[in-house]
Amino acid sequence: MKKPSIGIALLAALALAALLACPLLGMKFIPYHATGQELDILLGIRLPRVLCAFAAGSMLALSGMAFQALFRNPLATPFTLGVSSGAALGAALFIRFGFAFAILGISGVSLAAFVGALLSILLVYGLTKLKGGFSTPTLLLAGIAISFFFSSLILFIQYISGTTHSFRIVHWMMGTLATTDYGKLANLLPFFVTGTLLLAFLHREMNLFMVGEDLAVSRGVDTGLVKKLIFLAASLMVGGVVAVCGPIGFVGMMSPHICRLLVGADHRRLLPATLLFGGLFLTVCDTLSRMLIAPAEVPVGILTALLGGPFFIWLLLNRKSNLEL
Amino acid sequence: MNGSIIQVEELSLTLSGNEILKGVSLDIGAGEYVSIIGPNGAGKTSLVKCIAGIYSAWRGAIRIEGKPFGDYGSKELAMRQSYVPQAEGRSAPLTVEEFVAMGRYPHLSAFTSMKAGDYAAIDQAIDQAGLLPFRQRKLNTLSGGERQMVFIAAALAQNTKIILLDEPATFLDYRHQAAVATLLKTACRENGITVLAVHHDINTATACSDRIVALKEGRIAFEGTAAETANTQVLKNIYGTEFETTSSPRRAIPFIVAGGAR
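Residues numbered from 1 in each chain as written. Chains lettered and ligands numbered in written order. Predicted model: local features only at pLDDT ≥ 70, side-chain atom pairs only at ≥ 80, totals over all residues.

Caption draft 1: Looking closely at the overall build of chain A. Looking only at helices and strands, chain A features 13 helices and 2 strands. At 19 Å, chain A has a C-alpha radius of gyration in line with the 20 Å of a compact globule built from 325 residues. Along the first, second and third principal axes, the C-alpha set of chain A runs to 65 × 55 × 40 Å. When burial is assessed residue by residue, chain A has 52% of its 325 residues classed as buried. Look at the contacts in chain A between residues 6 or more apart in sequence, and 79% of them connect residues 24 or more apart. (Helix = DSSP H or I, 4+ residues; strand = E, 2+ residues; numbered from the N terminus. Rg over C-alpha atoms; globule rule 2.2 N^0.38 Å. Buried ≥ 20, exposed ≤ 12 C-beta atoms within 10 Å, placed from the backbone. Contact = placed C-beta atoms within 7 Å.)

Caption draft 2: The arrangement of the overall build of chain B in detail. Regarding its fold elements, chain B presents 9 helices and 12 strands. Computed over the C-alpha atoms, the radius of gyration of chain B is 18 Å, within 12% of the 18 Å expected from 2.2 N^0.38 for a compact globule of 262 residues. Principal-axis analysis of the C-alpha atoms gives chain B an extent of 55 × 40 × 35 Å. Here chain B holds 262 residues, and the buried ones make up 45% of them.

Caption draft 3: Representation of the interface of chain B and chain A in the model. With 27 residues of chain B in contact, the opposing surface of chain A contributes 23 residues. The set of elements that each furnish at least two residues to the side of chain B that touches chain A consists of helix H2 (74-78), strand E6 (81-84) and helix H3 (96-101) of chain B. If you tally residues by element for the side of chain B that touches chain A, the top one is H2 of chain B, at 4 residues. Residue composition of the side of chain B that touches chain A, grouped by class: 14 nonpolar, 8 polar and 5 charged. (Nonpolar A, V, L, I, M, F, W, Y, C, P; charged D, E, K, R; others polar.)

Caption draft 4: Seen up close, the nonpolar core. In terms of nonpolar packing, the biggest core is built from 185 residues, with Ala56, Ala66, Ala91 and Val241 of chain A together with Val100, Val150 and Ala153 of chain B touching the most fellow members. Here this core gets 16 residues from one element, more than from any other, and that element is helix H2 (residues 36-70) of chain A. Beyond its immediate stretch of four places on either side in the chain, Val241 of chain A contacts Ala56, Met59, Leu60 and Ile248 of chain A. (Core = buried A, V, L, I, M, F, W, Y, C linked by C-beta atoms within 7 Å.)

Caption draft 5: Summary view of the sheet that holds strand E7 (residues 162-166) of chain B. Residues and elements named next belong to chain B. Read from one edge to the other, the open sheet built from 6 strands follows the order E6-E7-E8-E3-E9-E10, with strand pairing classed as mixed. Of all strands in the sheet, those bounded by a partner on one side alone are E6 and strand E10 (219-224). Across the sheet, the axes of successive neighbouring strands diverge by a mean angle of 15 degrees, strand direction being ignored. The pairing of E7 with strand E8 (residues 194-198) spans 5 bridges and is parallel. Of the residues in E8, the one forming a bridge with Asp166 is Val198. Against the sheet, helix H1 (residues 44-52) makes contact with strand E3 (33-37), E6, E7, E8 and strand E9 (211-216), and its axis sits at roughly 145 degrees relative to E7, the strand it touches most. Each of E9 and E10 is contacted by helix H9 (residues 232-239), which is oriented at about 165 degrees to E10, the strand it contacts most. (Pairing = 2+ DSSP bridges. Axes fitted to C-alpha atoms, helices over the stretch in contact; angles between N-to-C directions.)

Caption draft 6: Layout of helix H10 (residues 223-245) of chain A. Here H10 of chain A is 23 residues long and its end C-alpha atoms lie 32 Å apart, about the 33 Å a rise of 1.5 Å per residue gives. Positive phi shows up at Gly246 of chain A, right after H10 of chain A, with a value of about 80 degrees. (Expected span 1.5 Å × (residues − 1).)

Caption draft 7: View of the sheet that holds strand E4 (residues 59-64) of chain B. Residue and element names in this part refer to chain B. Within the open sheet, the 4 strands sit side by side as E2-E1-E4-E5. Their pairing is antiparallel. Edge positions in the sheet fall to strand E2 (18-29) and strand E5 (67-68), since each has one partner strand and no second. By the bridge criterion, 5 bridges tie strand E1 (residues 4-15) to E4 in an arrangement that is antiparallel. Bridge pairing in E4 links Gln7 to Arg63. Across the sheet, H1 touches E1, E2 and E4, and the angle it forms with E1 is around 115 degrees.

Caption draft 8: Molecular detail of the pairing of E10 of chain B. Residue and element names in this part refer to chain B. Here E9 pairs with E10 via 5 bridges, running antiparallel. Counted as the bridge partner of Lys216 is Arg219 from E10. Between the end of E9 and the start of E10, which pair antiparallel, lie 2 residues, with Glu217 showing a positive phi angle near 50 degrees.

Caption draft 9: The arrangement of the packing of H2 of chain A against helix H8 (residues 203-211) of chain A in detail. Residues and elements named next belong to chain A. Here H2 crosses H8 at 45 degrees, and the two axes come no closer than 7 Å. Taken together, the axis directions place H2 and H8 in an arrangement best described as oblique. For the pair H2 and H8, contact is made by Ala66, Ala69 and Leu70 and by Met206, Phe209 and Met210, respectively. Its residues assigned to classes, the contact of H2 with H8 comprises 6 nonpolar, no polar and no charged. (Parallel < 35°, antiparallel > 145°, perpendicular 65-115°, else oblique.)

Caption draft 10: Seen up close, H2 of chain A. Residues and elements named next belong to chain A. For H2, spanning 35 residues, the distance from its first C-alpha to its last is 50 Å, which sits close to the expected 51 Å at 1.5 Å a residue. A maximum bend of about 35 degrees is found in H2 at Arg46, where proline Pro48 lies one to four positions downstream. Just past H2, the residue Arg72 takes up positive phi, approximately 50 degrees. (Bend = angle between axes of the 7 residues up to and from the residue.)

Caption draft 11: Representation of unusual backbone geometry within the structure. Residues and elements named next belong to chain B. The backbone phi angle of Ser16 is positive, close to 35 degrees, even though this residue is not glycine. Structurally, Ser16 is set in the loop between E1 and E2. At Glu65, a residue that is not glycine, the phi angle is positive and equals roughly 50 degrees. Relative to the helices and strands, Glu65 is located in the loop between E4 and E5. Glu65 gets classed as partly exposed once you count the C-beta atoms within 10 Å, which come to 15.

Caption draft 12: Quick peek at the packing of helix H1 (residues 6-21) of chain A against helix H12 (residues 267-291) of chain A. All names here are of chain A. Across the interface, H1 lies against H12 with an axial gap of 9 Å and an inter-helix angle of 30 degrees. Regarding the angle of H1 to H12, the classification is roughly parallel. Both H1 and H12 take part in a crossing whose hand is left-handed. In this structure, H1 uses Gly7, Ile8, Leu11, Ala12, Leu14, Ala15, Ala18 and Leu19 to contact H12, whose residues at the interface are Arg269, Pro272, Ala273, Leu276, Phe277, Gly279, Leu280, Thr283 and Val284. Residues that form the contact of H1 with H12 fall into these classes: 13 nonpolar, 3 polar and 1 charged. (Left-handed = near helix turned anticlockwise from the far one by under 90°.)

Caption draft 13: The confidence of the model for chain B, seen in detail. Scored by pLDDT, chain B has a mean of 90; 98% of the residues are at 70 or more. Confidence metrics for the complex model read pTM 0.87 and ipTM 0.87. (pLDDT = per-residue confidence, 0-100.)

Caption draft 14: Expanded view of the environment of Arg147 of chain B. Residue and element names in this part refer to chain B. By secondary structure assignment, the location of Arg147 is in helix H5 (residues 144-157). Classification of Arg147 by C-beta neighbours within 10 Å gives buried; the count is 24. Spatially, the C-alpha atoms of Arg147 and Val96 are 8.6 Å apart, while their sequence positions differ by 51 residues. The residues touching Arg147, leaving out its near neighbours within four places in the chain, are Ala87, Leu139 and Leu142.

Caption draft 15: Highlighting the environment of Arg135 of chain B. Residues and elements named next belong to chain B. With respect to the secondary-structure elements, Arg135 resides in the loop between helix H4 (116-128) and H5. The class of Arg135 is partly exposed, set by 16 C-beta atoms lying within 10 Å. Between the C-alpha atoms of Arg135 and Gly29, which are 106 residues apart in sequence, the distance is 34 Å. If sequence neighbours within four positions are ignored, Arg135 has contacts with Val96, Glu97 and Ile126.

Have a look at this one:
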């Protein structure tokens, strides 16, 4: 019954390799034995950025995995459900009105994004539940509606903002890891750790939800409580990432699917695999974004969307295959 | 009968304005096999879902082992009764083994992993349901009949005294219908498990059951043994259409043939 997973071991090895190699790469290759200014760039700029990318990728991927289990729908992701937009709105409001405060060292932007994410999850869930099911059309329509609504509110905020604020919002909305540092990493980590632990704690429940809420009830799952905890974990992670890096799309959709093909759908194995894959994927994408048109940078959100768009279409066309939830 | 294990008193259920159940009372003895039959929309599935805890907005009383429903914690209840929904239209890329293992859920706490006893229960359930060759197959690669057997195996792995089933044989071919019926009958007769099953097919119901309860428009229209139910007049009252019976030397109870369409 218990078998070591080759898939997870492979992902772990690749993730470790990426974490070690990616800081060296960039506009200029910097070896580990560098000194002086180069060492400062390596340790002070590139390393925290790579770590941020890994954490952000993991968080987006894990929240996608949680949504897919909860909504029993392979197209449920932070992006398609409008949760990223909700988080972005929260953060944009915060940037515009700039209440600079921090609670327990966590920046206010992160908390605002978390609240935005949570609100939009509750909205989408309420809307689809009202329509009587989590079918793909209902879910996507609700997600798109919420996404558009929040996006237009963000545009409005931008419109009434001065150029400084407006520029900050535009740049950040593209999804970028360019401004990450150890401070940002410290802001990501509490969300990363809490969210991951919550989901790890709920791996059996996610398995049961994936097959059906009625079955979960009959096996003794306290479905009301579990749903709230999953909502909480997912909003923490989406909010945490969006506040720091902006809305980066498609990581949350692709990673769980690819991992399901690699290690199966049992969340005991799917969770670590998704964590590793999401981190690996965003780390590699971000490194590419630094190198492709160096010395300039492609915002990583553009890169993930370029890869994610075709994947999304493939998923739509292949939904009856072994990807179905 | 060794005393009642499920007691339902004056159970009523209204779903989005429609009265589905209108005062159903039912007493099921430990180790009994009781089938629920009745026309479409009679409230059969709803009755089972109320007892399984899936619908909670009912009025009346349900007692399991003499204890009121509301006094049970969700895991505590799941250690006493399991539920098998229709497998039709449900799938997941989980292996048979992983799915059956989910039946152990109420016996586990969040921080412990499965122990030898859990693995033994899973193995036994898979074996009992004749699923050994399918162990490592993904659910979404199985036929409807095989998947239904997997769902029943998961309920067996849950190791409960009561199994509730919602039309376990309805969409299956004849071989799988027979396999499901045999499996449930064995579980009841040999392991003393109480079975409460909604059956669409009257012949499946009469072949397995100690007692048959017929629902009609949210009320109990008839209650009796399999032999008493296999009566054309009784069935006409329940379903509102003509029936014929035909006897077989292999069965104590005559076969029922619906004679409505000519």
